[in-house]
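Results of the structural survey
So the chains spell out like this:
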Amino acid sequence: MRMYPIGDWTYLLVIIGLGIGMAAQYGVKRAYREFSQVATQQGMPASAVVMDLLRQNGNSSVSLARIGGELTDNYNPQNNTLSLSDAVFHSNSVAALAIAAHEAGHAMQHMEGYVPLQVRSFSVPAVQIGSQAAIPIFIAGLIFSFRPLVFVGIGLFALSVFFALITLPVEFDASRRGLRMLSDGGCLSESELSGAKKVLRSAALTYVASALASLLNLVRLILIAQGGSRRRRR
Ligand SMILES: [Zn+2]
């Protein structure tokens, strides 16, 4: 009996991707827990610090909001709103300030028209549609042995890989800006600043991990497509 091509050894690539992602998530949670126990000497809560940092850097148009959940902090360029999670909002910990400053970094990117952020925002709708349609189209192509559909599926999936890759410079740059603002603003001591770096570095690794995982998934689809054509030629 010939096996259906999905479910063969290439599934290992998905598992490797999942493993890397889980390790990165574990890393960021551990760094977050460690440095959310370390209060800064200066003592101001992240919500106040982040607005100060933005003002100092000539950006006073950002709205501040609170959001539920853990590590859900984000900046939305559409409505120029910086949302801090409940645990970060009132906290004066090194981790909270690092996360808030990172989001302020995104707000600065938006204000200055940082190109990778614009490309990323611009590609969101296409990526959302593409990533949902990719696998069903790919599988339909395999079932009906219709190569063009297989390629369309791979092409659509490649959009989400592109998105994961363009996210990397956006995230790295936001952390760089955030740390620079914290350091220039004199909010943190040397040792506090190195703690903040650790938190943001481990957060950046989660984006590297998801880019890697989506790249591995793309490789898998290509391998399956090649396997399908080899089987047919035999
Ligand atoms: Zn970010």
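Scroll up to find the structure.
Heads up: these notes are all about the structure in this document. (Residues numbered from 1 in each chain as written. Predicted model: local features only at pLDDT ≥ 70, side-chain atom pairs only at ≥ 80, totals over all residues.)

1. Concerning unusual backbone geometry
With phi around 55°, Asn80 is a residue other than glycine that occupies positive phi space. Tracing the backbone shows Asn80 in the loop between β2 (74-76) and β3 (81-85). Here Asn80 falls in the partly exposed class, since 14 other C-beta atoms lie within 10 Å of it. (Helix = DSSP H or I, 4+ residues; strand = E, 2+ residues; numbered from the N terminus. Buried ≥ 20, exposed ≤ 12 C-beta atoms within 10 Å, placed from the backbone.)

2. Considerations on the sheet that holds β3
Spatially, three strands are ordered β1-β3-β2 in an open sheet, and the strand pairing comes out mixed. The strands lining the two open edges of the sheet, one partner per strand, are β1 (63-67) and β2. The sheet shows a mean angle of 25° between the axes of neighbouring strands, direction not considered. For β2 and β3, the ladder comprises three bridges, and the chain directions are antiparallel. When the bridges of β3 are listed, Tyr75 appears paired with Leu82. (Pairing = 2+ DSSP bridges. Axes fitted to C-alpha atoms, helices over the stretch in contact; angles between N-to-C directions.)

3. Re the packing of helix α4 (residues 94-112) against helix α6 (residues 147-184)
Viewed as axis vectors pointing N to C, α4 and α6 meet at an angle of 115°, and their least axial separation amounts to 7 Å. In terms of axis orientation, α4 runs roughly perpendicular to α6. Seen from above, α4 lies across α6 with right-handed handedness. Here Leu97, Ala101, His102, Ala104, Gly105, His106, Met108 and Gln109 of α4 lie close against α6, whose contacting residues are Val170, Asp173, Ala174, Ser175, Arg177, Gly178, Leu179, Met181 and Leu182. Of the residues in the contact of α4 with α6, the class split is nine nonpolar, six polar and two charged. (Parallel < 35°, antiparallel > 145°, perpendicular 65-115°, else oblique. Left-handed = near helix turned anticlockwise from the far one by under 90°. Contact = placed C-beta atoms within 7 Å. Nonpolar A, V, L, I, M, F, W, Y, C, P; charged D, E, K, R; others polar.)

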